[in-house]
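Each chain, written out:
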Amino acid sequence: MKLVEFIALDSIFVDVDVDSKKNLFKLVSNVFAKDDLEESSKIIEKLNERERLGSTGVGNGIAIPHSKISLINKTKVLFLKLKSAIDFSAQDKKYVDLVFVILAPKNCQAEHLLVLSSISSFVKNKSFVQKLRKLKNSKEIYKFFGKPNEDWCVRDQTEGLQL
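This report concerns the structure included in the present document. All figures in this text were calculated on a predicted structure; none of them were measured in a lab.

A tally of helices and strands in the protein chain yields five helices and six strands. Start at the N end of the protein chain and walk to the C end: the helices and strands fall as β-α-α-β-β-β-β-β-α-α-α. By the compact-globule yardstick of 15 Å for 163 residues, the protein chain fits well, its C-alpha radius of gyration being 15 Å. Taken along its principal axes, the extent of the C-alpha atoms in the protein chain is 45 × 30 × 30 Å. Among the 163 residues that make up the protein chain, the fraction classed as buried is 45%. Only carbon and sulfur atoms are counted for the fraction: they give 49% of the accessible area of the protein chain, which is about 8,800 Å². Side-chain charges of the protein chain comprise 27 positive and 21 negative groups, with the mean position of each set lying 3 Å from the other.

Listed below in structure tokens is the structure:
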């Protein structure tokens, strides 16, 4: 599955200026919820709830915060390339500069896991992550996400990432 199948061009953000996970979640909730304060608060609450179960920082400067939310009816994914890395309490202790955020409807287990699995496969490939870090704008990133993914699960490049 190509990442462009669930990450739209307008869901890719580059040079995002946040200084903490808390402020990242505020920004993410505002993007997802637009002007709905109640929905925005619920998104922040659910993302924080998931983080309390264990960090979604998967290693190598990457985080995949994800949650199920009753207020939405379709899985939504954002990609954010941060201007400066932030602490995500990742097991490898590396600060995070690449973030994939997944919000799925409460009753949508299969799609949520498919999206999470596709992103996980992508980020396990160190050469893809290195290339992603070099890309400068959302159009370049979107085009890169559209490339065929047959080689995403390269065994010798998967060490150190945990979900």
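Right, let's get into the pattern of salt bridges. Applying the stated criterion across every chain yields a total of four salt bridges. Between Glu 49 and Lys 46 there is a salt bridge whose closest N-O contact spans 3.5 Å. Residue Glu 49 and its partner Lys 46 are both found in helix α2 (residues 37-53); the two are separated by three residues, about one turn of the helix. Between Arg 133 and Asp 97 there is a salt bridge whose closest N-O contact spans 2.7 Å. Of the two residues, Arg 133 is situated in helix α4 (residues 126-134) and Asp 97 in strand β6 (residues 96-105); the sequence distance between them amounts to 36 residues. Residue classification places Arg 133 among the partly exposed positions, given a relative accessible area of 26%. Under the relative-accessibility criterion, Asp 97 is labelled buried at 18%.

Our focus in this paragraph is unusual backbone geometry. Within the chain, Asp 15 stands out as a residue other than glycine whose phi angle is a positive 60 degrees. Note that Asp 15 resides in strand β1 (residues 12-16). Of note in the backbone geometry, Lys 93 takes a positive phi value of approximately 70 degrees without being a glycine. In this structure, Lys 93 sits in the loop between β5 (76-86) and β6.

Core analysis: the largest hydrophobic core is formed by 24 residues, its most contacted members being Ile 64, Phe 100, Ile 119, Phe 122, Val 123, Leu 132 and Phe 145. The element best represented in this core is helix α3 (residues 109-123), accounting for five residues. Among the nonpolar cores identified, the runner-up in size contains 21 residues, and Leu 24, Ile 43, Ile 69 and Val 96 belong to it.

The contact between α4 and helix α5 (residues 138-145) brings their axes to 9 Å, and the two run at 160 degrees. In terms of orientation, α4 and α5 fall into the roughly antiparallel class. When the axes of α4 and α5 are compared, the crossing they make is right-handed. Each of Phe 128, Lys 131 and Leu 132 in α4 lies in contact with α5, whose residues at this interface are Ile 141, Phe 144 and Phe 145. Residue classes in the contact of α4 with α5 are distributed as five nonpolar, no polar and one charged.

Before going further, it helps to spend a moment on the layout of surface pockets. Of the pockets and cavities examined, the largest pocket occupies roughly 360 Å³. Lining the largest pocket are 18 residues, and of these Phe 6, Ser 11, Thr 75, Lys 76 and Val 77 sit closest to its centre. Partitioned by chemical class, the residues of the lining of the largest pocket number 10 nonpolar, two polar and six charged. Its boundaries defined by the atoms lining it, the second largest pocket holds a volume of some 150 Å³.

What counts, and where the lines are drawn
Residues numbered from 1 in each chain as written. Predicted model: local features only at pLDDT ≥ 70, side-chain atom pairs only at ≥ 80, totals over all residues. Heavy atoms only, no water. Helix = DSSP H or I, 4+ residues; strand = E, 2+ residues; numbered from the N terminus. Rg over C-alpha atoms; globule rule 2.2 N^0.38 Å. Buried < 20%, exposed > 50% of the residue type's maximum accessible area, 1.4 Å probe, protein only. Areas by Shrake-Rupley, 256 points an atom, 1.4 Å probe, with all protein chains shown as cover. Lys, Arg positive; Asp, Glu negative; His and termini not counted. Charge placed at Lys NZ, Arg CZ, Asp CG, Glu CD. Salt bridge = Lys/Arg side-chain N within 4 Å of Asp/Glu carboxyl O. Core = buried A, V, L, I, M, F, W, Y, C linked by side-chain atoms within 4.5 Å. Axes fitted to C-alpha atoms, helices over the stretch in contact; angles between N-to-C directions. Parallel < 35°, antiparallel > 145°, perpendicular 65-115°, else oblique. Left-handed = near helix turned anticlockwise from the far one by under 90°. Contact = heavy atoms within 4.5 Å. Nonpolar A, V, L, I, M, F, W, Y, C, P; charged D, E, K, R; others polar. 1 Å grid on protein atoms, 1.4 Å probe; cavity = no way out; pocket = protein on both sides within 12 Å on 5 of 7 lines; lining within 4 Å. Points joined across faces, edges and corners; volume = space filled by probe spheres on them.

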